[in-house]
Amino acid sequence: MGVTSKFVIASALMWLIPIIILFGFNHKFYAGIIDLTPESVTLWSGILAVISVNIVIALYIYAAIKEPANKHEPDPKFVADAKESVKIFGSAEGESSSDLPKQE
């Protein structure tokens, strides 16, 4: 599974799960909700919705940490250009930036 698909799934779950929890509490779909006052229903549905979002975020972070580090290799052209740039600007350390030629 790619990075983009993991991000899209986590984003969708961060929207859907709290909405399902709030909808279920407000329409008394869960057992034991009938005995609660309206204020308690609002309070508990909000608390559980926030906890569910935090769980999704934690799972997304866990998936990102478990992703192999050697899976992503930098673009060789980018690395070569970066090293060349460091060589150019590293050799001109003693000069002021106004003495350097403008590069476009």
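Scope of this entry: the structure provided in the associated data block.

What counts, and where the lines are drawn
- Residues numbered from 1 in each chain as written.
- Predicted model: local features only at pLDDT ≥ 70, side-chain atom pairs only at ≥ 80, totals over all residues.
- Heavy atoms only, no water.
- Helix = DSSP H or I, 4+ residues; strand = E, 2+ residues; numbered from the N terminus.
- Buried < 20%, exposed > 50% of the residue type's maximum accessible area, 1.4 Å probe, protein only.
- Contact = heavy atoms within 4.5 Å.
- Areas by Shrake-Rupley, 256 points an atom, 1.4 Å probe, with all protein chains shown as cover.
- Salt bridge = Lys/Arg side-chain N within 4 Å of Asp/Glu carboxyl O.
- Patch = residues over 30% accessible without salt bridge, like charges linked within 9 Å, V, L, I, M, F, W, Y side chains within 5 Å.

**Section: the overall build of the protein chain**
For step 1, the next point in the chain: Scanning the protein chain from terminus to terminus reveals 3 helices and 0 strands.
For step 2, the next point in the chain: In the protein chain, the succession of α and β elements from N to C terminus is α-α-α.
For step 3, the next point in the chain: The buried share of the protein chain, reckoned over its 104 residues, is 12%.
For step 4, the next point in the chain: Considering only contacts within the protein chain whose residues lie at least 6 apart along the sequence, 55% involve residues at least 24 apart.
For step 5, the next point in the chain: Here the protein chain displays about 8,500 Å² of accessible surface, and carbon together with sulfur accounts for 69% of that area.

**Re the pattern of salt bridges**
Pairing between side chains of opposite charge can happen when their charged atoms approach one another.
For step 1, the next point in the chain: Throughout the structure, instances matching the rule amount to 2 salt bridges.
For step 2, the next point in the chain: Put simply, K77 and D81 hold a salt bridge, and the shortest N to O gap is 3.0 Å. In this pair, K77 and D81 both sit in helix α3 (residues 76–91), 4 residues apart, roughly one turn of the helix.
For step 3, the next point in the chain: When its relative accessible area of 56% is taken as the criterion, K77 is described as exposed.
For step 4, the next point in the chain: For D81, a relative accessible area of 43% puts it in the partly exposed group.

**A few points about the side chain of S52**
For step 1, the next point in the chain: Its location among the elements puts S52 in helix α2 (residues 38–66).
For step 2, the next point in the chain: Each residue touching S52, except ones within four places of it in the same chain, is listed here: I17, P18 and I21.

**A few points about a nonpolar patch on the surface**
For step 1, the next point in the chain: A grouping of L36, L43, W44, I47, L48, I51, I55 and L59 is seen on the molecular surface, where their side chains present a nonpolar patch of about 710 Å² in accessible area.
For step 2, the next point in the chain: With respect to the secondary-structure elements, L48 resides in helix α2.

**Description of the environment of V41**
For step 1, the next point in the chain: Tracing the backbone shows V41 in helix α2.
For step 2, the next point in the chain: Owing to a relative accessible area of 3%, V41 belongs among the buried residues under this scheme.
For step 3, the next point in the chain: Between the C-alpha atom of V41 and that of K28, which follows or precedes it by 13 residues, the distance is 8.9 Å.
For step 4, the next point in the chain: Leave out the neighbours within four places in its chain, and V41 touches F25, N26, K28, I33 and L36.

On their own, these measurements won't tell you what the molecule is for.
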